[in-house]
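Chain by chain, the residues run as shown.
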Amino acid sequence: MGTLARMLTRMFVVRFLMILLGVSLFVVTLDVITYVDDILSLSGATAWAVPYYALLRLPTIASSFIGISALLATLLLLMEISNSNELVAVWGTGVSQIRLIGMLTPIAIAIGALTFALNNYAIPAAAPTLHSWGIGDYGEKKLKVGEGDPIWMRSGNDILRAGASNIDATVLRDVIIFRRDSNGILQEQLMANTAELVDGRWELKDVTVYYQENLPPNRLDRMIYSGAMRPAAAGSRSGDPEEMSATDLEYFIENAGFGIRPTQVYKTWLMKRLTATVTALLMIALAVPLSVRFKRGGGLGVMFVVGVGLGFAFFIVDGLAVTLGELGMVPPWMAAWMPPLIFAGIAGAMISRAEAI
């Protein structure tokens with residue numbers, strides 16, 4: 001059985017890599033051709049900016065096609081061995097569907113690790129440069145720290161609002177600090193022209209302090225606020241969760257999203273970061289039961305269409321579930337885990353039915 005497992009794994013890997021690299025490079029090439037003029041018009045850009053842009057875009061594009069590539073690779077593998085009647089021999093040796101899935105599980109785990117590495121390290125590393133370049137879709141998402149939307153921070157019970165900021169959120173302008181007690185009741189309101197982070201403390205300038213008891217406001221040229229305000233980290237101010245590492249997602253969750261987006265958005269994507277690692281295994285589990293009905297080489301086209309249909313149905317349901325989780329209509333864990341669990345149940349039902357037949 002070890003020989004069979006190695007043969008199937010080798011065949012699967014070859015087809016998976018060919019599909020993933022082929023589709024990813026094709027999409028990257030189209031992207032580069034579309035925006036090559038914008039890339040070369042960047043300040044200080046040389047001809048090397050074009051392949052560098054392609055390299056930056058590759059992790060995002062490859063990550064989006066990993067799941068469907070695993071599905072197509074499994075279907076092509078099963079179609080090939082079924083068409084040559086080798087699948088009859090596989091079932092004839094007593095190999096069950098569960099065992100066949102188990103033979104491909106190690107490579108599915110490796111693909112899950114690759115998915116996590118792309119989503120958690122490669123994409124967050126490339127995002128700041130793509131945002132600063134502002135090419136294509138990133139032109140709409142280009143970081144505009146302090147422009148338009150206010151910046152919110154928290155320190156214990158206190159809330160800080162700033163109208164503008166530098167890129168690192170270490171110098172704030174048009175600052176308001178709402179000082180509250182443990183019950184959330186406003187005690188004081190501090191308004192400052194600027195606030196600068198110096199040695200972990202905020203140095204406020206041109207400060208006006210308003211008190212709860214209708215006392216006359218107090219005006220100061222300079223004031224030190226020692227609250228541990230935590231601004232959104234530089235490079236992630238846009239709060240795009242799909243471009244953030246798991247550590248950044250946890251950082252935003254701990255700080256209530258810094259007022260950029262609701263906390264459930266980041267919780268949903270943190271859970272989604274975990275469920276994405278099992279997508280390849282799920283695609284294999286959906287494809288293998290189909291091969292039982294076509295083990296003698298008949299109706300392979302139908303098998304392929306049904307398998308692709310199931311795969312696309314999963315990705316549609318998965319996208320809808322993430323949207324519901326972001327909107328807070330379902331709990332984040334349910335938004336992330338519900339689609340894999342539903343389709344794992346479908347795969348289990350297909351396996352049971354095929355075994356019964």
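Residues numbered from 1 in each chain as written. Predicted model: local features only at pLDDT ≥ 70, side-chain atom pairs only at ≥ 80, totals over all residues. Heavy atoms only, no water.

**Q** Describe the packing of aromatic side chains, with residues and values.
**A** Going through the model one piece at a time under the given rule, you end up with 8 aromatic pairs. With a centroid separation of 6.5 Å and an interplanar angle of 20°, the aromatic rings of tyrosine 53 and tryptophan 133 are classed as stacked. Within this pair, whereas tyrosine 53 is found in helix H2 (residues 49–83), its partner tryptophan 133 is found in helix H4 (residues 97–133), the two being separated by 80 residues in sequence. A residue is classified by how much of its surface remains accessible, and tyrosine 53, at 2% relative accessible area, is buried. Residues phenylalanine 314 and phenylalanine 343 carry aromatic rings whose centres are separated by 5.4 Å and whose planes lie at 85° to one another, so their mutual orientation is edge-to-face. Of this pair, phenylalanine 314 sits in helix H9 (residues 300–327) while phenylalanine 343 sits in helix H10 (residues 332–356), and the two are 29 residues apart along the sequence. Taken individually, phenylalanine 314 and phenylalanine 343 each receive the classification buried, so the pair is uniform in this respect. Aromatic ring contacts, followed pair by pair, group Tyr52, Tyr53 and Trp133 into a single cluster. (Phe/Tyr/Trp six-rings, centres within 6.5 Å; stacked < 30°, edge-to-face > 60°. Helix = DSSP H or I, 4+ residues; strand = E, 2+ residues; numbered from the N terminus. Buried < 20%, exposed > 50% of the residue type's maximum accessible area, 1.4 Å probe, protein only.)

**Q** I'd like a rundown of the pairing of strand E1 (residues 151–155), residues and numbers included.
**A** Side-chain positions along a regular strand alternate between the two faces of the sheet. Where burial is concerned, the two faces of E1 differ: the one with Ile151, Met153 and Ser155 is buried and the one with Trp152 and Arg154 is not. Inspection of the sheet shows E1 paired to strand E2 (residues 158–165) by 5 bridges, in the antiparallel sense. By the bridge assignment, isoleucine 151 is partnered in E2 with alanine 162. Hairpin connection of E1 to E2: 2 residues between the antiparallel strands, including glycine 156 at a positive phi of 65°. (Pairing = 2+ DSSP bridges.)

**Q** I'd like a rundown of the pattern of salt bridges, residues and numbers included.
**A** Two side chains of opposite charge can pair, provided their charged atoms sit close to one another. Taken as a whole, this structure holds 6 salt bridges when the rule is applied. Among the salt bridges present, the one from arginine 179 reaches aspartate 158, with a minimum N-O distance of 3.9 Å. Of this pair, arginine 179 sits in strand E3 (residues 171–180) while aspartate 158 is found in strand E2, placing the two residues 21 residues apart along the sequence. Note on arginine 179: relative accessible area 28%, which makes it partly exposed. One salt-bridge network, in which partners are shared between bridges, spans Asp158, Arg179 and Glu188. (Salt bridge = Lys/Arg side-chain N within 4 Å of Asp/Glu carboxyl O.)

**Q** Pulling in residues and values, what's your account of the nonpolar core?
**A** In terms of nonpolar packing, the biggest core is built from 46 residues, with Leu8, Phe12 and Phe16 touching the most fellow members. For this core, the elements supplying multiple residues, two or more each, are helix H1 (2–40), H2, H4, helix H8 (279–293), H9 and H10. Of the residues forming this core, the biggest block, 11 residues, is contributed by H2. Among residues more than four places away in sequence, those in contact with phenylalanine 12 are Ala70, Ala73, Thr74, Leu77, Leu104, Ile107, Ile111 and Ile284. The next biggest cluster of nonpolar side chains, apart from the first, holds 16 residues, and it includes Ile151, Leu190, Ala192 and Val209. (Core = buried A, V, L, I, M, F, W, Y, C linked by side-chain atoms within 4.5 Å. Contact = heavy atoms within 4.5 Å.)

**Q** Any chance you could break down the environment of alanine 336 for me, citing the residues and the numbers?
**A** Inspection of the secondary structure puts alanine 336 in helix H10. C-alpha of alanine 336 to C-alpha of aspartate 318: the two residues are 18 residues apart in sequence and 7.6 Å apart in space.

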